[in-house]
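Structural features, examined
Below, each chain spelled out in residue letters.
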Amino acid sequence: MVLRELLAYVRPHRKILLVGGLLGLVGSAAGLAMPLLAKYVVDAFGQTGSMAAPLLGLTVAVLVGAVVSAGGSYLMERTGEGIVLGARRSLVDRMLRLKVADVDRLKPGDLLSRVTGDTTLLRAVLTNGIVDSVSSAFMLVGAIVLMATMDGVLLLVTLLVVVVIGGMVALIMPRIQRAQTQAQEAVGEMGAVLDRALQAYRTVKASGAEEREIAVVGDAAVRARDRGLQVAGWTSLAGVATWMAVQIAFLAVLGVGGARVASGTLEVSSLIAFLLYLFYLVPPIGQLVQGGVQLQQGLAAMKRIKEIEDLPAEPVGVAERREERPFGVRFADVVFRYGDDRPVVHDGVSFEVSPGGLTALVGPSGAGKSTVFALLERFYDHQSGSIAIDGRDIRDWPLGELRAALGYVEQDAPVLAGTLRENLLFAARDATEEELHRALARTRLDDLVARLPDGLDTPVGHRGVLLSGGERQRVAIARTLLRKPRLLLLDEATSQLDAVNELRLREVIAEVARETTVLVIAHRLSTVTNADRIVVMEGGGVRAVGTHDELVGADELYRELAATQFLVG
Ligand SMILES: Nc1ncnc2c1ncn2[C@@H]1O[C@H](COP(=O)(O)OP(=O)(O)OP(=O)(O)O)[C@@H](O)[C@H]1O
Ligand SMILES: [Mg+2]
């Protein structure tokens, strides 16, 4: 069953693989003919006949064998690269379409190792593994048939030995598979812990945790090595077993064959050819064993790739936005928890936002404000109640269309590696140069751009580390404004700005709120006193809605928040 899935990767390449395999077989056949030709040459010594023909045949066989084998192995490698490409494409395709909830559980470093490491292992098993095994089996059978034509008794001796090896290898194979699966898991684990340290690089340094993190990654590397050694151990044991067996067969054949030559029942040339064939058995048997090992690797890799490919994908397509008017939002009795074993975050959240204007969500940390945005973007599905955007339940919106209508600036405003321009155009591929400059001016990034060595084409570093925190936030806002959303979601989007820039941004947001609906989450109430309505959230619900002045009068929590921020006397 798993094997069939494995072969599914091969199917698109089966023609080239077949040609490559055939070339390999021809090459093997040429190799197989060698001892026979050698026998003719030896026979020619004894007779007076010409040596030229057998020698010429031998030379041609060598040449043809070499060229054909090389061509075959090139085609194999080509197919291998094609298979890896296909596996990587489909894996990455799935990875970027997963549901946010699934990605929350996965470790990025481990995911990376599946795309880079495990797909590479597939190549080995699907090309060399399969083809070498087939051609080895052919060689094996061919050699045995030819040996049978030479001497039945010697063949029997040989076969006995081959059967013994087969039994031993069959015992070793499952152990190799177990060790191999663990080895690949260990590599993924190492990727995950290394990723953890790299993602929090400055924190690691600031915490003086370098040595501990080095040790953690080192331990994972040691585990990977140990598992690798186990695989190597069992593999060499299988190798030694086959080698020993052939040596024993050689001695046995030499003994039995020598006696038969002495008694005149066997020609010397036949014994020589038989012994040569015996040594011809060594590589194919070795390759069969190797093929078995590679198959175990491939199956383990396959399992790890399938784990990701079997996760559900989101049905997102590129969507054109049709409406140009602001959208309203309605939460009605929404109940949501992040997982079955997680506490309830929204316990009957209800509020309504009419189209246009500025609405603020405030409340203590952990009240579920960011979760409101995550639900609107459908990163997660709420368990009950209903959420509507523009009067339409979000479950009825095509996902791509829904997200195309929204603009979202996350709480920790990520900037992607690349240039400033790439970041700005990330959410709006077709923005014009003029729109770009307007967005820069609005977010007061134009000074920064003027200062940068390459202006808009300056790289910003991994996660935007070359920018300041406030600059990153403004890049994130500019990027989202360029998207011209019908509903703009800003999560603490100006928390890292200085007072002057923040005031300017507030004006811009107020301006944007005239043409589109804006939802902001803010801890600093000073930034939202001018909002058209403020939704106060606490303990999984909405406790009050109103303007600043209304709430100061009517809501105790709000009054408290405002008082501690010197907004009321
Ligand atoms: N991806 C997640 N998986 C599981 N639980 C989560 C996840 N994100 C948030 N939570 C939990 O949900 C609760 C609400 O989180 P949320 O981010 O909505 O709070 P918030 O109101 O935005 O807080 P803050 O003001 O600190 O940003 C928190 O208790 C948090 O632990
Ligand atoms: Mg939050």
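This one's a predicted model, so the numbers in the text were calculated from it and none came from an experiment.

**A closer look at the sheet that holds strand S2 (residues 344-353)**
Strand order across the open sheet formed by four strands is S2-S1-S4-S5, with antiparallel pairing between neighbours. For this open sheet the edge positions go to S2 and strand S5 (392-393), each flanked by a neighbour on one side alone. Relative to S5, strand S4 (residues 384-389) is paired through two bridges, and the arrangement is antiparallel. When the sheet's bridge partners are listed, Ala388 is paired in S5 with Asp393.

**What to know about the packing of helix H6 (residues 152-199) against helix H8 (residues 210-262)**
Look at H6 against H8: their axes get within 8 Å of each other, and the N-to-C directions meet at 170 degrees. On the basis of the axis angle, H6 is roughly antiparallel to H8. Of the residues contributing to the contact of H6 with H8, the split by class is 32 nonpolar, eight polar and seven charged.

**Describing the sheet that holds strand S9 (residues 533-538)**
Read from one edge to the other, the open sheet built from six strands follows the order S6-S7-S8-S3-S9-S10, with strand pairing classed as mixed. Of all strands in the sheet, those with a lone pairing partner are strand S6 (406-409) and strand S10 (541-546), marking the two edges. Adjacent strand axes in the sheet meet at a mean angle of 15 degrees when their direction is disregarded. Here strand S7 (residues 487-491) runs beside strand S8 (residues 517-521); their pairing, made up of five bridges, is parallel. Within the sheet, the bridge partner assigned to Leu488 lies in S8 and is Val518. Across the sheet, helix H11 (residues 369-376) lies against strand S3 (358-362), S6, S7, S8 and S9, angled at about 140 degrees from S8, the strand it touches most. Contacts from helix H17 (residues 499-515) reach S3, S7 and S8, with the element oriented near 140 degrees to S8.

**Considerations on the coordination of the magnesium ion (ligand 2)**
Distances from the magnesium ion (ligand 2) to its protein donors, Ser370 (OG) and Gln411 (OE1), fall at 1.9 to 2.4 Å. A residue pair is termed long-range when its members are at least 10 positions apart, and Ser370 in helix H11 and Gln411 in the loop between S6 and helix H13 (420-424) qualify at 41 residues. For Ser370, a relative accessible area of 25% gives the class partly exposed.

**Considering H8**
With 53 residues, H8 should cover 78 Å at 1.5 Å per step; its first-to-last C-alpha distance of 75 Å lies within 8% of that length. Gly264, located one to two residues past H8, shows a positive phi value of around 85 degrees.

**A few points about the site of ligand 1**
Close contacts around ligand 1 come from 14 residues, with Ser365, Lys369, Ser370, Thr371 and Gln411 the closest. Backbone polar atom of Gly366 to an oxygen atom of ligand 1: 2.8 Å apart, as the coordinates give it. Within the side chain of Lys369, one N or O atom sits 2.7 Å away from an oxygen atom of ligand 1. The leading source of residues in the shell around ligand 1 is H11, at three residues.

**Examining the UniProt feature "domain: ABC transporter" (unreviewed entry) in the protein chain**
Using the residue numbers shown here, the UniProt feature "domain: ABC transporter" (unreviewed entry) corresponds to residues 329-564. The annotated region residues 329-564 carries 35% helix and 25% strand content, and the separation between its end C-alpha atoms amounts to 30 Å.

**Here we look at a nonpolar patch on the surface**
On the surface, a cluster of nonpolar side chains totalling about 430 Å² of accessible area is made up of Val42, Phe45, Val268, Ile272 and Leu276. Elements that contribute at least two residues to the nonpolar patch include exactly helix H2 (14-46) and helix H9 (268-280). Along the chain, the position of Phe45 falls in helix H2. Of the residues examined, Phe45 reaches a relative accessible area of 59% and is grouped as exposed.

**Topic: the packing of aromatic side chains**
For the coordinates displayed, the defined rule picks out seven aromatic pairs. Ring centres of Phe331 and Phe351 lie 4.9 Å apart, and the angle between their planes is 10 degrees; this geometry places the pair in the stacked category. One end of the pair, Phe331, is in strand S1 (residues 329-337); the other, Phe351, is in strand S2, and 20 residues separate them in sequence. By relative accessible area, which is 2% here, Phe331 ends up buried. For Phe351, a relative accessible area of 6% corresponds to the buried category. Seen from their ring centres, Tyr338 and Tyr380 are 4.8 Å apart, and the 85 degrees between their planes marks the pair as edge-to-face. Taken together, the residues Tyr338 in the loop between S1 and S2 and Tyr380 in the loop between H11 and S4 connect sequence positions 42 residues apart.

**Examining empty space enclosed by the protein**
By the definition in use, this model includes one cavity of 30 Å³ or more. Estimated volume of the largest cavity: approximately 40 Å³. Every residue along the wall of the largest cavity is listed here: Thr158, Val161, Val162, Ile165, Ala245, Val246, Ala249, Leu278, Leu281 and Ile285. When contributions to the lining of the largest cavity are tallied by element, the ones reaching two or more residues are H6 and H8. Examining the composition of the lining of the largest cavity, we find that four residues originate from one element, H6, more than from any other. A per-class count over the lining of the largest cavity returns nine nonpolar, one polar and no charged.

**Some thoughts on the nonpolar core**
If you look at the biggest cluster of nonpolar residues, it comprises 32 residues, and the most contacted ones within it are Met147, Val253, Phe274, Leu278 and Leu281. For this core, the secondary structure elements donating two or more residues are helix H5 (108-150), H6, H8, H9 and helix H10 (282-309). Counting residues per element, this core draws most heavily on H6, at nine residues. The contact partners of Leu281, leaving out residues within four places of it in the chain, are Leu140, Ala143, Met147, Thr158 and Val162. Ranked by size, the runner-up nonpolar core spans 31 residues in total, among them Leu358, Ala531, Ile534 and Val536.

What counts and what doesn't
- Residues numbered from 1 in each chain as written.
- Chains lettered and ligands numbered in written order.
- Predicted model: local features only at pLDDT ≥ 70, side-chain atom pairs only at ≥ 80, totals over all residues.
- Heavy atoms only, no water.
- Pairing = 2+ DSSP bridges.
- Helix = DSSP H or I, 4+ residues; strand = E, 2+ residues; numbered from the N terminus.
- Axes fitted to C-alpha atoms, helices over the stretch in contact; angles between N-to-C directions.
- Parallel < 35°, antiparallel > 145°, perpendicular 65-115°, else oblique.
- Nonpolar A, V, L, I, M, F, W, Y, C, P; charged D, E, K, R; others polar.
- Contact = heavy atoms within 4.5 Å.
- Donors = N, O, S within 2.8 Å, 3.2 Å for Na, K, Ca; no water.
- Buried < 20%, exposed > 50% of the residue type's maximum accessible area, 1.4 Å probe, protein only.
- Expected span 1.5 Å × (residues − 1).
- Near = heavy atom within 4 Å.
- Polar contact = N/O pair within 3.5 Å; in protein donor to acceptor, adjacent residues only side chain to side chain.
- UniProt positions renumbered as here; feature names shortened; annotations may be inferred.
- Patch = residues over 30% accessible without salt bridge, like charges linked within 9 Å, V, L, I, M, F, W, Y side chains within 5 Å.
- Areas by Shrake-Rupley, 256 points an atom, 1.4 Å probe, with all protein chains shown as cover.
- Salt bridge = Lys/Arg side-chain N within 4 Å of Asp/Glu carboxyl O.
- Phe/Tyr/Trp six-rings, centres within 6.5 Å; stacked < 30°, edge-to-face > 60°.
- 1 Å grid on protein atoms, 1.4 Å probe; cavity = no way out; pocket = protein on both sides within 12 Å on 5 of 7 lines; lining within 4 Å.
- Points joined across faces, edges and corners; volume = space filled by probe spheres on them.
- Core = buried A, V, L, I, M, F, W, Y, C linked by side-chain atoms within 4.5 Å.

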